[in-house]
Each structure stands twice: as C-alpha cells, then as structure tokens.
Protein chains: 2
Amino acid sequence: MATQSADVIIVGAGLSGLIAARELQRQGVDVLVLEARDRVGGRMYTIKNKKSPYVDLGAAYIGATQKRVWKLIKEFDLKAFPTNEKEDLIYYEQGRVKRFRTIFPPVGGLLSWLDMNNMLRKFDKMGAEIPLDAPWKAPHAKDWDRITVQQFINKNAWTRAGRYIISDSVRLNNTIGPHEVSLLYILWHYRTVGGIHLINATEGGAQECKLVGGNQQICHRLSDQVGHDRIILGSPVVHINQMGNDVIVTSLPGLKYKCNQVIVTTPLSIQAKMSYSPPLPAHRNELIQRVPMGSVMKAFAYYDTPFWKEKGFCGSANVNDKDCIITYTMDNSAPDGTTPALVAFIVAENARRAILMTKEERQQRILADLAKVFDSKLALSPTHYEEMNWSTEQYSGGCYFLALPTGVLTTYGPILRQPVDRVYFGGTETATQWAGYMEGAIQAGERAARQVLHAKGKISEEEVEIPDNDEETKSKRLELSFMERHAPSVPGFFGMLALTGLVATLCSKL
Amino acid sequence: MATQSADVIIVGAGLSGLIAARELQRQGVDVLVLEARDRVGGRMYTIKNKKSPYVDLGAAYIGATQKRVWKLIKEFDLKAFPTNEKEDLIYYEQGRVKRFRTIFPPVGGLLSWLDMNNMLRKFDKMGAEIPLDAPWKAPHAKDWDRITVQQFINKNAWTRAGRYIISDSVRLNNTIGPHEVSLLYILWHYRTVGGIHLINATEGGAQECKLVGGNQQICHRLSDQVGHDRIILGSPVVHINQMGNDVIVTSLPGLKYKCNQVIVTTPLSIQAKMSYSPPLPAHRNELIQRVPMGSVMKAFAYYDTPFWKEKGFCGSANVNDKDCIITYTMDNSAPDGTTPALVAFIVAENARRAILMTKEERQQRILADLAKVFDSKLALSPTHYEEMNWSTEQYSGGCYFLALPTGVLTTYGPILRQPVDRVYFGGTETATQWAGYMEGAIQAGERAARQVLHAKGKISEEEVEIPDNDEETKSKRLELSFMERHAPSVPGFFGMLALTGLVATLCSKL
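The rules behind these values
- Residues numbered from 1 in each chain as written.
- Chains lettered and ligands numbered in written order.
- Predicted model: local features only at pLDDT ≥ 70, side-chain atom pairs only at ≥ 80, totals over all residues.
- Heavy atoms only, no water.
- Salt bridge = Lys/Arg side-chain N within 4 Å of Asp/Glu carboxyl O.
- Helix = DSSP H or I, 4+ residues; strand = E, 2+ residues; numbered from the N terminus.
- Buried < 20%, exposed > 50% of the residue type's maximum accessible area, 1.4 Å probe, protein only.
- Contact = heavy atoms within 4.5 Å.
- Buried area = accessible area lost by both parts, 1.4 Å probe.
- UniProt positions renumbered as here; feature names shortened; annotations may be inferred.
- Pairing = 2+ DSSP bridges.
- Axes fitted to C-alpha atoms, helices over the stretch in contact; angles between N-to-C directions.

A.B. asks: Quick question: what am I supposed to make of the pattern of salt bridges here?
C.D. replies: Where charged atoms from two side chains of opposite charge come close, those side chains can pair. Residues and elements named next belong to chain A. On inspection of all chains with the given rule, the structure shows 34 salt bridges over all chains. With its nearest N and O atoms 3.0 Å apart, the salt bridge here joins D30 to R230. Taken together, the residues D30 in the loop between α1 (15-26) and β3 (31-34) and R230 in the loop between α9 (216-226) and β10 (231-232) connect sequence positions 200 residues apart. According to the relative accessible area criterion, R230 is buried, its value standing at 17%. The closest approach of N and O atoms between R160 and E93, which form a salt bridge, is 2.3 Å. With R160 in helix α6 (residues 160-174) and E93 in strand β7 (residues 88-93), this pair connects stretches of sequence that are 67 residues apart. According to the relative accessible area criterion, R160 is partly exposed, its value standing at 45%.

Have a look at this one:
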C-alpha cells in the first residue's frame, strides 16, 4: 500500500531534479522528490568551516556562456564574482616555475607551441563534426569511439607539449586518464561546452565566476519554491515498479509512493542502484553498467596571508610533475580578499593514489606540493584544511561526471534520453549543452519535465525542447587569434622550412 | 528489528554462493542465503521445453581441466557426456563453407596460417608473464592495461586471418568487442583458463562436456545440502549496514537479517545495486561502476532430423560473415541423438543488434543464418525455438561474465578479493582459475568462505587458499605441435625467404 501519492515522482533533489519539479509544478502537476541524501543539491554542496562562511566542496564555477545558470542567479538575486586571475598563473614542471597569462601554459618553445596549437585546433575541428544531440551520428563516430584519447594523442602529437596539453585537459576537466575514455565522448563533451579553449578558460570560459555564498544556495532556493514538504530526504529509491498506469516507487526506508510518471535525475551509474519491474530493456540494463564517474578530490588550504599574491601569483597553477599529486590550483579566497585560501584539485590516477593515504599523509603531501609550486614554506602551515573526496559518495559515484569508455557512446547513446515506458531520464549526464555542468543539469531537468508534460497532453511534442536562439555555447571573447587559427602544425612547419630552403637554394642558383 | 539471524549471510544463490554456504556449514557455521531471483543457480539455468527434458539457457559446458566441477559431478553422481564434434566443423565466411577438424578454423592459406599461429602463440606467451592472482603485477601490466585487444590486433596482425582469430576468440569467449576490453584483462583471463587453445577447444578444452539433465542440477543438489529453509528466494539485497560486530542486511521486500559476516557472490556490477553503511571505500565504489558484463543471447532450434549430421557436419560452426548475426553454433541434441537441436550464439555487437528486433524478426534472422551456414532449407522450419537474452537479466547484468575496459584491472584489481570490514567477496569474477566459469565460481566461493572461517578463528591464514598441487589448468591433450611451436611469423617467414634468396645468390656466385 502506498504511503503517499503524486502525479510525478522525481528521483534526486540535485539541480536537475529540482528544476524538473519546478517546471512540472508551474504546469499544475503535483510532484514528490525523493532524495537519497539528507540534503538537497547533489554534487552542489556548500559547507561552512571555521575559516570561511561558505566553501563549495562540489560544483564551484559558473561558465561565461551558461545562460540558464545566469538566469537563475538573476532570478534569485544572488551575486557572482570573477574567479581571481588578476596576477600571473603558474606552469610548474619538474621543479621549475614559469609565469604566464594565457589559457594554456607555455610548455616548451616554438615547436611545442605549434604542436599544442595544432592539437587544440584539431580537437575542436573534429568536435565541430559531431551533432550535439546525436554524437553517434557523427561521420567518424564509430572510429572515434573505438579509440581512447590516449591513442589520439599517440597518433597526432609530435612533442611532449602536444601530448601534455590534451591529457592535462582530460584529467582536469573530465577527472579521468586519457587511456580510460573514448575519444568520441570527449570530443562531443567539449563541443557541448563550446570548445577546448572555453572549457579550460577562466575569463570568458568555464571557470569565469563563483557565487557569493556558494552554489548550493541555488538548490536551496529551488527547494523553497518546490516546497519542503514535497521533498523527502534520506530516501534512496530501491525499486521502480511499473504496473499499468501506476508506478510504485519504493525507498530504502521501505515506504511506497504511487505516481503516474517517474523522472530519474541521478548519474547514470547510480541508476544501477535500483531494481526495476518489469526489468529495464537490455540496452539500458547494459548501459548502466558502463557509465563510470570520474575521480576527483578537492582540498582547501586556508592561510593568514595570501602569500601567492604577494609574489604576483593569482593562485592558478598547472602542475605537471610526477612527484606531485595535485594537478591544478586556484585562488579560493573570499571576493573581498578575506579568508585567503587555495583550492587544489587531485584528479584521475592521482585521486586514486591519494585515496589510499591517511588524511594526515594526504594533507602533508598536498601542502608540500603547494609549497613547491608557489615556492613558499608558508604553504605548509595553513590555519585550516578541508577536503572532499567525491569517490566515496555512493549516491554520486564520483565527480565531476560521466567518463565513457570506448564503444559505449555509439552503442548506447541513442537510449540516453529515451524514456522506459513511464520512466523518464534527466540529470546533467543527459544534457546536450554543457553536459556535466550545472547548465546541463538545468537543460536536462527542463527537458525531462517537458517530456512528461507532453506525455500528459499538456504541451505538444514540438514544445518539449525549449527553443534556444543561441544554440552555440561558444564564447565570443575567446575567439582565436590569427596565429592560433593559421599557425602550421609541426610537420607543416618543417614542410615550410624545407620549402623555404628549396626556394632559397633555387634563388641562389639564379 | 531483524526478522532472522545467522552467523553469515550470503548474497546470491548461484554456484559460488551455495558452495560458500556449504563450506561454512561444514565447519558448523550457521548461514542464510539471500537470492534476488525466485530460483537458485544464477547464470546456471536449466529449463525444459516441449521438445527437450532439459536445456541449459546459461552455463552449458564443462571444461576438461575443471577439477572442482568434475569433483562435484562425481559427488552428486551426475553424468556428463562429450559435446558432439565427431563430424566436420564448419568455417563459414561470406557465403563459403569450409570443413575442418582443428581447434581454429582454416582462414586463408599459408601466410594466414602463419599469422594466426603467431598471434595465438604471442597471446599465450604474453599471458605466461601474468601472475594468476595478481595480474596487475605483471612486468608489462600497465602498458597492456592501457590498450584494448583491438589495438594489440592492429599492431601485431599481418593478415585478415590474424585479425580474425583473436577478435573472434574475444567475441565468442568474452562476449565483448575487442575494442571494448583491456588487453591485460583478456590475456590474464585466458591464462586463468589454461591458454587460448584450451579456451577455444571442445575436446580437451573448455567446451569438452555437458551434463545429462543440465547444469542447474548442481545448484539444486547443493541447495538440498544447504537446506531449503536456509535459502530465501525473491530477496534482492538493498542495504548492507555494518554496525559494530553486527551486520544488518535488508532485502527488497523490506525484511532485515542480522549476522556477523556477509559474503557477496553476485557479479561485481550487481554489487552497485546495494546501498552500504558505512559507504564502501572509494576504490570499491569506483570499481563497481567499471565492471560491465558481456552481451550474449543463446538461441535453440529443434528439428525432426539432425540434417547437419546427414551432411557430415557435427553442428559446430565459426560464422565470419557480416550479414549473419550468429557467431557460433554447436550441436545441442540429447546425448543419445534424440531431440536434434542446434544452439546458436549471438554475441557482443550482434547481441545488441539482435535485442532491437522483435522476437519473430530475430528468430527468422537466426534460422536464415543457420540455413546459410549448414546449406539447408530444413534449418528454416524448426519444430521448436527457444532463446535467452542474458542482457535483460538485472541480477546478472549480462553473460557470460566480466569484460573490463582499459585501465580498470591495474587500478582496482588489488581490491577485487579484499574484504570491506565484515563484507567478503566471492563469485566467479573474483577467481584466479577459470575466472568466469563454473570452476571459478567454486574456487571463489570456497576461498570467500574460508576467509570468513579464518576471521572466525576456525582456520589459520595459510589454510584460506585450498592447496592445489596442480595449479596449472593447462590441458596435456592440447600440447602444441612442433609446427605450432616453431613456425615463423609472417615477417619471420619473409625474412627466411630473403635469407634463402641471399644464400642462394651467394652460392650461385661461388
């Protein structure tokens, strides 16, 4: 017997689930949101600590072209501030510090730059062939899905820099090793964001801003709108039972909820946590076994003084050093400069190494890395240390999001957003713009809600996808320079040299 | 409040779980087995149909060197019979039928044979470097785990035959595409079985025998011994809650069971179906998202006459034809020749294509394939048709077993058999001999039970692994011929030719 009923039950009170709930309520549909954790927000998780009134342990950055997020920020009258990159960035490689101010670090000399530039350009060029809503239909989909990003790198890079720039981007933005992930998937993912420059950029890019008060506020405001009595915390869903026109949803505490439709907004791998009656179709049963989440830890070190700024560093550093376990750092001070802090990202293979350490060992390693990178012993003595390991989160599976192995996207991609009878699928993993980001969570939540509205006869099929006049997420501020667009690749450069030599030789003979 | 208590709760009443239960009972430990399905046996599933008193929809074959399985067969006084390969086998390629009697089909001419032979030899030679119980410690573990089998093929094969022989073996024995799976994992897997010849062979190999009455009998007999009141069917486990010395296990029907230890014997991906308190350690939480099962359907066609035998065919056929969806066939008649039948295997990519057809379409396609391969219209008119699609099984995830993507084995291998406090792990996926087979299920079930016995102080640490004087699973009957051991590879062959030419030229100059 059902404990409670609703028109629609939404699984997951992260951003995607809450947006879906609100969208449905706006059309007069009665919803209940079941959330596994004892809080809303999912991968948006803001806490306070003894040094800071707020810190984002999860999603922290707001991208320049994330229109849906900016709209919510405006609606809720929240305040964003630019991520600090006023001073120099650092490229740290095997003990050496290089200062820079560009999106990508200065790895090596001219040939390295040509190779990096060519790799980046190639990545975006290949990405441009891929349909946002159907990457499996790209002309080379099958070939690109059969190889890993590592294979692409091995085949195309001529220099250490060319190899580094792509693998670093994948480790940092996808929290996975380039040998673990399908090339097609990463090409498509970067395209949903607006390109490899945008995903890596702070100003004008994916890391442009942060929210005063932290991102989880957005979910709290949405919860207020949806109604706290409509959100049931501490209720992991264990069973979705479709029987005729009814769906009975059972939670781990053993309560049963009756509804007409379900929207599941959890990460895909977390959908394996539930039993289904009737069982899921074969492809979906296979899909949810092939959708690992990336591996990342965030560590925060608070200090009395922003010692990095005193040296002219903004706090951002690319760390390319096999003796370090941190891969990237950024300034995490409050916008007014109080509570000086650095955040360090430990990603992919390094996250898995870091997991095996005790918290004390790990803290020491991370602080020692910071001391090396910023060349200051002050880094060793923080006034407070905070860390979050997303890989222990059984209801997220990891962070930031999905990392598909070879062969999965072309085989199972077409069913990602396909309802199973009365069960619909949201969540940022199913987005076609900014997949894996807050923006994608909103897009996917809206779309899933509107699929249900269509099923209920409240809107037409054409109205399911919210029209978007500016489909491209590209950032105008990040347009490539003439050199970036036209510089030759490494073999092209040598070809030019040879040609120049030939012409010179010919001319000298005249 | 707990409904029932036991010393140890075992999750899964497949072969591994039942063996573990019996092993514990023999030492006076009180057990309860919780099984998700309404039957025991897991991937061992024997039904009867209107044409046959038994048919194995799941695990069907008993390998020559599966000592533990043979011991059980003897103990239960069951009867095995040789898989029929008395007549010719078929190699079917793009419309042409070739007869053969060897383990591997005759693809192409001399160069093809040299290349195939070299690929097979290379596979076993590389496999021999890999420790059975710690493949991540192999000298080249990291390199081999970073590439797919497809990459290995691309790099090493010189001919179409060389490419086919490895990819066909992976599709057939691992039910996965060679581009979806780690090279290290497959090399290791074949080593646990005794080599690539053994895994592919019928006589003297993995498919040597079948059981009169079907394999599920073994599980039924074990259930009788364990006691039907100790096995609770229809009870998917949704929560494992470790609290001090107690573990509380909750099933989907909402019942709670109290125990001191738990042994989980489900496939690894099915372990994602449960919630854990405290949450699983990070590595295990990541592992269970990275452990897809292969894709396979078995189809059975029953006929009035064994028309294939009348043409001198035993019923076994390698099908290498892009227009066919079947990849392998075998005779499935009763041992006395009554109820003539063929079984067709639809594997990997083809299984996923076949899923999308209606049952009628699929049946027609499969029968049409049989008609082509056996060159007989009689194949089109079976007296009965039966099929089993393991990919819809939410408590198996697929069949036959685990197919690890790149990077997983080296990263997470070391925790496969590592208990999480009071939770232990069995199941054929955790075996070190015949992993993925019934033999592996027994080995792993025994080992998990003995880990628990050791934790209870009933046996010493040295007694956990049951000593096995004959560690190698190699089959003496399958020793390679002189030619197989010494024939050159394709480049070696051309080198020899060149050398011969050189010597001849030199001699002619003398």
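Picking up where we left off.
A.B. asks: Would you explain the interface of chain A and chain B in this entry?
C.D. replies: Buried accessible area, meaning the area lost when the parts come together, often serves as the stated size of an interface. Contact residues are listed per partner, giving 46 residues for chain A and 47 residues for chain B. A combined buried area of about 3,700 Å² lies between chain A and chain B, and 46% of that area is made up of carbon and sulfur atoms. Taken together, chain A and chain B are joined by two salt bridges. The closest approach of N and O atoms between E286 of chain B and R352 of chain A, which form a salt bridge, is 3.4 Å.

A.B. asks: Teacher, can you tell me more about the UniProt feature "binding site: substrate" (unreviewed entry) in chain A here?
C.D. replies: Residue and element names in this part refer to chain A. Under the present numbering, the feature "binding site: substrate" (unreviewed entry) in UniProt falls on F345. You can see F345 is positioned in strand β19 (residues 341-347). F345 gets classed as buried once you look at its relative accessible area, which sits at 6%.

A.B. asks: Whenever I open this one, the sheet that holds strand β15 (residues 275-277) of chain A confuses me. Can you help?
C.D. replies: What holds strands together in a sheet is hydrogen bonding between their backbones, with the strands either parallel or antiparallel. Residue and element names in this part refer to chain A. Taken in spatial order, the five strands of this open sheet run β1-β13-β12-β11-β15, and their pairing is mixed. Of all strands in the sheet, those bounded by a partner on one side alone are β1 (4-5) and β15. Across two bridges, β1 lies against strand β13 (residues 256-259) in parallel orientation. From the neighbouring strand, Q4 faces β13, where its bridge partner is Y257.

A.B. asks: Would you mind showing me how to read the sheet that holds strand β16 (residues 296-302) of chain B here?
C.D. replies: All names here are of chain B. If you trace the seven strands from one edge of the open sheet to the other, you get β8-β7-β17-β18-β19-β16-β20, paired in mixed fashion. Of all strands in the sheet, those with a lone pairing partner are β8 (96-100) and β20 (384-389), marking the two edges. Between one strand axis and the next, the sheet turns by 20° as a mean value, whatever way the strands run. Inspection of the sheet shows β16 paired to strand β19 (residues 341-347) by seven bridges, in the antiparallel sense. Paired with K298 across the bridge in β19 is F345. Packed onto the sheet, helix α13 (residues 359-373) meets β7 (88-93), β8, β16, β17 (313-320), β18 (328-331), β19 and β20 and runs at close to 110° relative to β20.

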